[in-house]
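# Structural overview
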2 protein chains.
Amino acid sequence: MIGAAEIDLAERLADAAGEIARKYFRQPIAVDTKPDRTPVTIADREAEAAMRTLIELRFPNDGILGEEHGTARGDAARVWVLDPIDGTRSFIAGIPLFGVLIALVENGAPVLGVIDQPISRERWLGVAGQKTLKNGAPVRTRACADLALATLYATSPDMFGADQPAFERLKGAVKATRFGADCYAYAQLAGGFIDLVVEADLKPYDYCALAPVIAGAGGAIADWQGKKLGLKSDGRIIAAGDPTLLPKARAVLIKA
Amino acid sequence: MIGAAEIDLAERLADAAGEIARKYFRQPIAVDTKPDRTPVTIADREAEAAMRTLIELRFPNDGILGEEHGTARGDAARVWVLDPIDGTRSFIAGIPLFGVLIALVENGAPVLGVIDQPISRERWLGVAGQKTLKNGAPVRTRACADLALATLYATSPDMFGADQPAFERLKGAVKATRFGADCYAYAQLAGGFIDLVVEADLKPYDYCALAPVIAGAGGAIADWQGKKLGLKSDGRIIAAGDPTLLPKARAVLIKA
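Remember, it's a predicted structure, so these values are computed and weren't measured experimentally.

About the cut-offs
Residues numbered from 1 in each chain as written. Chains lettered and ligands numbered in written order. Predicted model: local features only at pLDDT ≥ 70, side-chain atom pairs only at ≥ 80, totals over all residues. Heavy atoms only, no water. Pairing = 2+ DSSP bridges. Helix = DSSP H or I, 4+ residues; strand = E, 2+ residues; numbered from the N terminus. Contact = heavy atoms within 4.5 Å. Axes fitted to C-alpha atoms, helices over the stretch in contact; angles between N-to-C directions. Phe/Tyr/Trp six-rings, centres within 6.5 Å; stacked < 30°, edge-to-face > 60°. Buried < 20%, exposed > 50% of the residue type's maximum accessible area, 1.4 Å probe, protein only. Domains from an automatic or database assignment. Buried area = accessible area lost by both parts, 1.4 Å probe. Salt bridge = Lys/Arg side-chain N within 4 Å of Asp/Glu carboxyl O. Nonpolar A, V, L, I, M, F, W, Y, C, P; charged D, E, K, R; others polar. Polar contact = N/O pair within 3.5 Å; in protein donor to acceptor, adjacent residues only side chain to side chain. Least-squares fit on C-alpha atoms with pLDDT ≥ 70 in both. Parallel < 35°, antiparallel > 145°, perpendicular 65-115°, else oblique. Left-handed = near helix turned anticlockwise from the far one by under 90°.

### Here's the deal with the sheet that holds strand β6 (residues 99-106) of chain A
All names here are of chain A. Spatially, the eight strands line up as an open sheet ordered β4-β3-β5-β6-β7-β8-β9-β10, and their pairing is mixed. With one partner strand each, in any of the chains shown, β4 (70-72) and β10 (137-138) form the two edges of the open sheet. Bridge count for strand β8 (residues 122-127) against strand β9 (residues 133-134) is two bridges, and the pairing is antiparallel. Residue pairing in the sheet places Trp124 in a bridge with Lys134 of β9. With respect to the sheet, helix α1 (residues 4-24) is in contact with β5 (78-86), β6, β7 (109-117) and β8, its orientation differing from that of β5 by roughly 25 degrees. Packed on one face of the sheet, helix α2 (residues 42-58) meets β3 (63-66), β4, β5 and β6 and runs near 155 degrees to β5.

### Some details on the packing of aromatic side chains
Residues and elements named next belong to chain B. One pass over the structure, following the stated rule, counts 17 aromatic pairs over all chains. Ring geometry for Phe25 versus Phe98: centroids 5.5 Å apart, planes at 45 degrees, classification tilted. Of this pair, Phe25 sits in the loop between α1 (4-24) and β1 (32-33) while Phe98 is found in the loop between α3 (88-92) and β6 (99-106), placing the two residues 73 residues apart along the sequence. You'll find Phe25 and Phe98 in the same group, each marked buried.

### Details of the domain arrangement of chain A
Residue and element names in this part refer to chain A. On domain assignment, one finds that chain A holds domain 1 (4-138) and domain 2 (147-253). On a C-alpha basis, the centres of domain 1 and domain 2 stand 20 Å from each other. Counting from both sides, the interface comprises 33 residues of domain 1 and, opposite them, 21 residues of domain 2. Buried surface at the junction of domain 1 and domain 2, summed over both partners, amounts to about 2,000 Å²; 70% is from carbon and sulfur atoms. There are zero salt bridges connecting domain 1 and domain 2. Those elements that provide at least two residues to the side of domain 1 that touches domain 2 are β3, β5, β6, β7 and β8. The element that contributes the greatest number of residues to the side of domain 1 that touches domain 2 is β7, accounting for seven residues. The class makeup of the residues in the side of domain 1 that touches domain 2 is 17 nonpolar, 11 polar and five charged.

### A word on the sheet that holds strand β14 (residues 220-223) of chain B
Residues and elements named next belong to chain B. In space, the five strands of this open sheet follow the order β12-β11-β13-β15-β14, with mixed pairing throughout. Of all strands in the sheet, those bounded by a partner on one side alone are β12 (176-179) and β14. Taking the axes of each pair of neighbouring strands and ignoring which way they run, one obtains an average angle of 20 degrees across the sheet. Sheet analysis places strand β11 (residues 151-154) next to β12, joined by four bridges and oriented parallel. Bridge pairing in β12 links Tyr153 to Arg178.

### Thoughts on the interface of chain A and chain B
Contacts between chain A and chain B engage 26 residues on the former and 26 residues on the latter. A per-residue breakdown of the area chain A buries against chain B is headed by Arg26(A), Arg178(A) and Phe193(A), which together make up 28% of the total. The closest approach of N and O atoms between Lys171(A) and Asp158(B), which form a salt bridge, is 2.8 Å. Counting across the interface, chain A meets chain B through 10 residue pairs in polar contact (both at pLDDT 80 or more). Elements represented by at least two residues in the side of chain A that touches chain B include exactly α3 (88-92), β12 (176-179) and α5 (182-190) of chain A. Tallied by class, the residues present in the side of chain A that touches chain B amount to 12 nonpolar, six polar and eight charged.

### A few points about the relation of the copies chain A and chain B
The operation relating chain A to chain B is a screw motion whose rotation component is 180 degrees, with 0.0 Å of axial translation and a residual RMSD of 0.0 Å. What the rotation and shift describe, once combined, is the action of a two-fold rotation axis. Looking at the rotation axis and the C-alpha trace of chain A, the residue lying nearest is Gly180(A), at 2.3 Å. Both copies share a contact surface, since 100% of the interface residues of chain A are interface residues in chain B too.

### Comments concerning the packing of helix α4 (residues 164-173) of chain A against helix α8 (residues 245-254) of chain A
Residues and elements named next belong to chain A. At their nearest, the axes of α4 and α8 sit 7 Å apart, and the two run at 130 degrees to each other. Accordingly, the angle class assigned to the pair α4 and α8 is oblique. Along this stretch, α4 crosses α8, giving a crossing that reads as right-handed. Residue-level contacts link Ala166, Phe167, Arg169, Leu170 and Ala173 of α4 to Ala249, Val252, Leu253 and Ile254 of α8. For the contact of α4 with α8, the class distribution of residues is eight nonpolar, no polar and one charged.

### Concerning unusual backbone geometry
The backbone of Asn135(A) sits at a positive phi, close to 45 degrees, despite the residue not being glycine. Residue position: Asn135(A) is located in the loop between β9 and β10.

### With respect to the side chain of Gln117(B)
Residue and element names in this part refer to chain B. For Gln117, the position within the fold is in strand β7 (residues 109-117). Taking relative accessible area as the criterion, Gln117 reaches 1% and is therefore assigned buried. Leaving out residues up to four positions away in the same chain, Gln117 has contacts with Pro96, Leu97, Phe98, Glu122 and Tyr184.

### Quick word on the pairing of β7(B)
Within a regular beta strand, the side chains point alternately toward one face of the sheet and then the other, so they alternate between its two faces. Residues and elements named next belong to chain B. Summarising burial for β7: eight of the nine residues are buried, a large majority. Here β6 pairs with β7 via seven bridges, running antiparallel. Within the sheet, the bridge partner assigned to Glu106 lies in β7 and is Ala109. In this structure, the hairpin formed by β6 and β7 is closed by a connection of two residues, where Asn107 is found at a positive phi of approximately 45 degrees. Relative to strand β8 (residues 122-127), β7 is paired through six bridges, and the arrangement is antiparallel. For Val114, the partnering residue across the bridge sits in β8 and is Leu125.

Structural data, given as structure tokens:
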């Protein structure tokens, strides 16, 4: 169960990671390349380390899965899933659309999610069964039942690999497609300004935090097969502000 | 000549447009589609109208070319070139990377440029022969003489039309390519966080303001033929933080 203690910790984690992100944003820091060819900086590493320390102190039996420092107690019933800076490429380009992503996954299902933008100091908090809050005030997705009227976002057209033709079909079916924005696009979908975000090649630390935020704002989020997201999802994600739009987007994506 | 009166007016224009943009940002406003199929809102129209009124009061003989309300005295020696909200698509998606763009063009050459982001309250001011200022403090581009180490931005992969293969060649030659960001990418290039911005299909109100900002920060900006930007440019733009990178990018773009 998610209680005040878990929410309080999630907020403290976001505070700690955000402070570190602000300290290094637009400062001359080295950018290293990881084995998966994605960039990483001292800001990513320090921010995740700070969050892990806080979790160990408060809930030492909980598991932790982080982008930069790996997995601890990964078979625990509760696992904190951390992306200290989702959108490191935006971070190093000086563009404040990156975010701190924090999820609590219980028996495989994300039950708490935080999307935090440390520069604009915007924070979205989603908890299973509760309304999603942005800086404490409820947010809601907007209605859009027609693909032809929908605005679609993805971080990059180059994230789809063999699914590129599927994404191109969807692009042809919607009103407008825009790129960039990382996790910030999901937050704007939760707020009712974007109708669809469709991405691929995401890892659990990229998508677990999104699920409670989107669901608690009245939207729907699933993998491309329509299944609920969990630690074992394949990283292909559809988020829809209007839940009736999700199967329509899926139908275009999976059309043979 | 650009004097204190012109700079003062440019700042007042940005203040006025920014106030209107803030008033409508993330509010439920109608989105109309213009004949060129781009979106427009009351925020674009009101912000440009406010700027035009201020110009008429202060310099009634100057020309005005605006995205939303057309051209007045377009053959004047001095023309103010206005984009009240560059990145209307970002604006209506709740993403604060849009900007107010203001240029003063003298005998065809941009001699003053403002890029203003009304939500983050960041303003870049470029004046011919002077150092570019961000919120009053000088900014500088970074050195990057090697295409293979460069970070490239463009607003969308879909803006290139028949030049798509040229852009794809450049993408293959740089270290990393990212999309989104509108005028904000040029501002980050001026600040030393991005190496190249290459775009196409831009109008004078999209690119005139960028030229003095980039040049005054130590960068270079030109069309794909390497020519300086003016009111008659064809809308294909290269901006390079390191001036030595510009001909290298051009060589890849124009290779047969």
